[in-house]
Amino acid sequence: TGPVIVENGGEMVMDGSDASYPSTAGEWLTRWQPAGVYTATRTFVGAHGEKSVYQWTEHVARLRDMLLKLRENDVGGFPKDCVIPHSDSEMDALVRDTVRVALRSINKADAVHKAPPDADHKSPDASASGASRSESMIVLVVSPTVDGTWKVGAHAVPLPWSTNHQNPAVCVVAKNAARSNPEVKHTGWPSARGLISTECTHQFRNSGPFDEILLADQTGENIAEGGVTNFFVVLASGSGGGDNAGSRGDAGAPLRGGDTVGSVGTEDVGSVGNDIVVSRGIDKPTVRVQTAPTTRCLAGIGRASVLEACLALRIDVELVAPKIRDASEWREAFLTNAVRGLRPVGRVRWVGCDGTFREKVFKDVASHSVTNCLVEHMAKQTD
């Protein structure tokens, strides 16, 4: 079945019977006007067969937070008559009807196109999510308008059916592609991301297809995030230095497994918009997870779930943008977002300073211990 598109609680509803409308969420976002913010997630089926949005409260909070940041960063362009909801509950009320109509339409499609009973009930490459075949991806957009009202849209599509849900991702590094305002998922980003992906397709045309672009800074050395994901690597403790010698990264202190969350600093586990601070660490950790701080990347909801899992499993985390020069020391790597959950990385390709093509290959990905521990822990949290 095709996607369902809803605007403003059902004023316009489109489904797969119209061949002229955008079939993918990215294509839909490139046509969306006026500019606004968006979030993407998936649905799950409740005990009584009803379809609900996974981590709904987190996504509602994210939309409101991003609107505040959009207004802060675009004072002259943000319509002055648009009053941003004063609370998450007000934001919920603003977007709920549109999402409800989209889910109702997808549910009708599910009733016609049921999955075969012997099929694998996991979404593609979403080993941490526990997604079933009757689940959907939903993208929710909120935009301020010049007349002081809000335009709300939802794009919902059934997740593809696949039994190969842990297929390791192939990634390519895009130099000088890091976003200037990573705190906001702006509706203009899919168009910009498409241009970066096209350039990478040409640049790596002799290397085979890839699944994700990794956005690096102007040096091509520091990886901030993926085009639609957050990027993590696993290293042995003591290897892979920070941004500067002796530094533990932009966010200050490292996050240590088993730590309690402190009250100072910039990142807080459980919040998608802040940074993590810790008060103590465990003795002699053997490995650590490394990912960019929120000064460099989107504070993804999937990212927050991984950081929470690391705390619970006593796995050290360093909030530092992974460096290409440390690639030989990467033991594991994985991507995460709110739709696909956690996906292992099998290869990372990039162009070296001398112009030669290079590749990091992760062997025996299925046995990656840290990735597997995180997958298992996060799956238990969604049961």
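Structural notes, computed from the coordinates. (Residues numbered from 1 in each chain as written. Predicted model: local features only at pLDDT ≥ 70, side-chain atom pairs only at ≥ 80, totals over all residues. Heavy atoms only, no water.)

Some thoughts on the overall build of the protein
In step 1: Within the protein one finds six helices and 15 strands.
In step 2: When each of the 383 residues of the protein is scored for burial, the buried share is 54%.
In step 3: In the protein, 72% of the contacts between residues at least 6 apart in sequence involve partners at least 24 apart.
In step 4: Here the protein displays about 17,000 Å² of accessible surface, and carbon together with sulfur accounts for 50% of that area. (Helix = DSSP H or I, 4+ residues; strand = E, 2+ residues; numbered from the N terminus. Buried < 20%, exposed > 50% of the residue type's maximum accessible area, 1.4 Å probe, protein only. Contact = heavy atoms within 4.5 Å. Areas by Shrake-Rupley, 256 points an atom, 1.4 Å probe, with all protein chains shown as cover.)

A closer look at the nonpolar core
In step 1: With 28 residues, the main nonpolar core has Ile-138 and Leu-140 as its most contacted residues.
In step 2: Elements represented by at least two residues in this core include exactly strand S1 (4-7), helix H2 (56-73), helix H3 (88-112), strand S5 (136-144) and strand S6 (150-158).
In step 3: Formed by 23 residues, the second largest nonpolar core is a distinct cluster that contains Val-170, Ala-174, Leu-215 and Val-339. (Core = buried A, V, L, I, M, F, W, Y, C linked by side-chain atoms within 4.5 Å.)

A few points about the pattern of salt bridges
In step 1: One pass over the full model with this rule turns up 12 salt bridges.
In step 2: As a salt-bridge pair, Arg-100 and Asp-97 come within 2.8 Å of each other at their nearest N and O atoms. Pair noted here: Arg-100 and Asp-97 are both in helix H3, with a separation of three residues, about one helical turn.
In step 3: The class for Arg-100 is partly exposed, based on a relative accessible area of 38%.
In step 4: With a closest N to O distance of 2.8 Å, Arg-288 and Glu-318 form a salt bridge. (Salt bridge = Lys/Arg side-chain N within 4 Å of Asp/Glu carboxyl O.)

Looking at helix H4 (residues 189-203)
In step 1: Look at H4: 21 Å from first C-alpha to last across 15 residues, which is about the 21 Å you get at 1.5 Å a residue.
In step 2: Tucked inside the fold, the buried residues of H4 contact helix H1 (25-31), strand S3 (37-45), strand S7 (169-174) and strand S8 (212-216). (Expected span 1.5 Å × (residues − 1).)

So, unusual backbone geometry
In step 1: Backbone torsion omega between Gln-33 and Pro-34 reads -5 degrees, so that peptide bond is classified as cis.
In step 2: The residue Pro-34 is located in the loop between H1 and S3 in this model.
In step 3: The phi dihedral of Asp-364 falls on the positive side, at around 50 degrees, and the residue is not glycine.

Quick word on the side chain of His-59
In step 1: Mapped onto the elements, His-59 comes out in helix H2.
In step 2: Beyond its immediate chain neighbours, meaning those up to four positions away, His-59 contacts Thr-39, Ala-40, Thr-41, Tyr-54, Ile-301 and Ala-338.

Digging into the environment of Glu-135
In step 1: Positionally, Glu-135 belongs in the loop between H3 and S5.
In step 2: Sequence spacing of Glu-135 and Thr-43 is 92 residues, and the spatial spacing of their C-alpha atoms is 5.4 Å.
In step 3: Among the polar contacts made by the side chain of Glu-135, one reaches the side chain of Arg-42 at a distance of 3.4 Å. (Polar contact = N/O pair within 3.5 Å; in protein donor to acceptor, adjacent residues only side chain to side chain.)

Quick look at empty space enclosed by the protein
In step 1: Applying the stated criterion across every chain, the model contains one cavity of 30 Å³ or more.
In step 2: Counted as a void, the largest cavity has a volume near 60 Å³.
In step 3: If you trace the largest cavity, you find it lined by Thr-39, Thr-41, Val-53, Trp-56, His-59, Val-60, Leu-63, Val-99, Ile-138 and Leu-140.
In step 4: Here the lining of the largest cavity takes four residues from H2, the largest share from any one element. (1 Å grid on protein atoms, 1.4 Å probe; cavity = no way out; pocket = protein on both sides within 12 Å on 5 of 7 lines; lining within 4 Å. Points joined across faces, edges and corners; volume = space filled by probe spheres on them.)

Concerning the packing of aromatic side chains
In step 1: With the rule as written, the count across this model stands at five aromatic pairs.
In step 2: A centroid spacing of 4.9 Å and a plane angle of 10 degrees characterise the contact between Phe-232 and Phe-334, whose relative ring orientation is stacked. On the criterion of sequence distance, the pair formed by Phe-232 in strand S10 (residues 230-236) and Phe-334 in strand S13 (residues 330-337) is long-range, its members being 102 residues apart. You'll find Phe-232 and Phe-334 in the same group, each marked buried.
In step 3: Between Lys-151 and the ring centre of Trp-32, over which it is positioned, the NZ or CZ distance is 4.2 Å. (Phe/Tyr/Trp six-rings, centres within 6.5 Å; stacked < 30°, edge-to-face > 60°. Lys NZ or Arg CZ within 6 Å of the ring centre and 35° of its normal.)

Re H2
In step 1: Helix length check: H2, at 18 residues, gives a terminal C-alpha distance of 26 Å against a target of 26 Å (1.5 Å per residue), a fit within 8%.
In step 2: Considered for burial, the residues of H2 that qualify are Trp-56, His-59, Val-60, Arg-62, Leu-63, Arg-64, Met-66, Leu-67, Lys-69 and Leu-70.

Regarding the environment of Val-348
In step 1: Here Val-348 shows up in strand S14 (residues 341-351).
In step 2: The spatial distance from the C-alpha of Val-348 to the C-alpha of Arg-358 is 8.4 Å, given a sequence separation of 10 residues.
In step 3: Setting aside residues up to four positions removed in sequence, Val-348 forms contacts with Cys-171, Val-173, Leu-214, Trp-330, Arg-358, Glu-359, Lys-360 and Phe-362.

Thoughts on the pairing of strand S15 (residues 357-361)
In step 1: In terms of strand pairing, S14 meets S15 through five bridges, oriented antiparallel. Residue pairing in the sheet places Val-351 in a bridge with Phe-357 of S15.
In step 2: Between S14 and S15, which follow one another and run antiparallel, lie five residues, and Gly-355 among them has a positive phi close to 90 degrees. (Pairing = 2+ DSSP bridges.)

Concerning the pairing of S14
In step 1: Counted residue by residue, S14 has nine buried out of 11 residues, so it is predominantly covered.
In step 2: With four bridges joining them, S7 and S14 adopt parallel strand pairing. Counted as the bridge partner of Cys-171 is Val-348 from S14.
In step 3: As judged from the four bridges shared by S13 and S14, these two strands associate in the antiparallel manner. Within the sheet, the bridge partner assigned to Phe-334 lies in S14 and is Pro-344.
In step 4: If you look at the hairpin formed by S13 and S14, you'll find three residues sitting between the two strands.

Digging into the layout of surface pockets
In step 1: In this structure, the largest pocket encloses a volume near 1,000 Å³.
In step 2: Lining the largest pocket we find 45 residues, and of these Met-137, Arg-193, Val-228, Asn-337 and Arg-340 sit closest to its centre.
In step 3: Broken down by element, the lining of the largest pocket gets its largest block of residues, five residues, from H4.
In step 4: Of the residues belonging to the lining of the largest pocket, the class tally is 21 nonpolar, 15 polar and nine charged.
In step 5: The volume enclosed by the second largest pocket comes to roughly 390 Å³.
In step 6: For the second largest pocket, the lining is made up of 20 residues, of which Val-173, Ala-174, Lys-175, Gly-220 and Val-351 are closest to its centre.
In step 7: Among the elements of the structure, S7, H4 and S14 are those that each provide at least two residues to the lining of the second largest pocket.
In step 8: Class assignment for the residues of the lining of the second largest pocket results in 10 nonpolar, five polar and five charged. (Nonpolar A, V, L, I, M, F, W, Y, C, P; charged D, E, K, R; others polar.)

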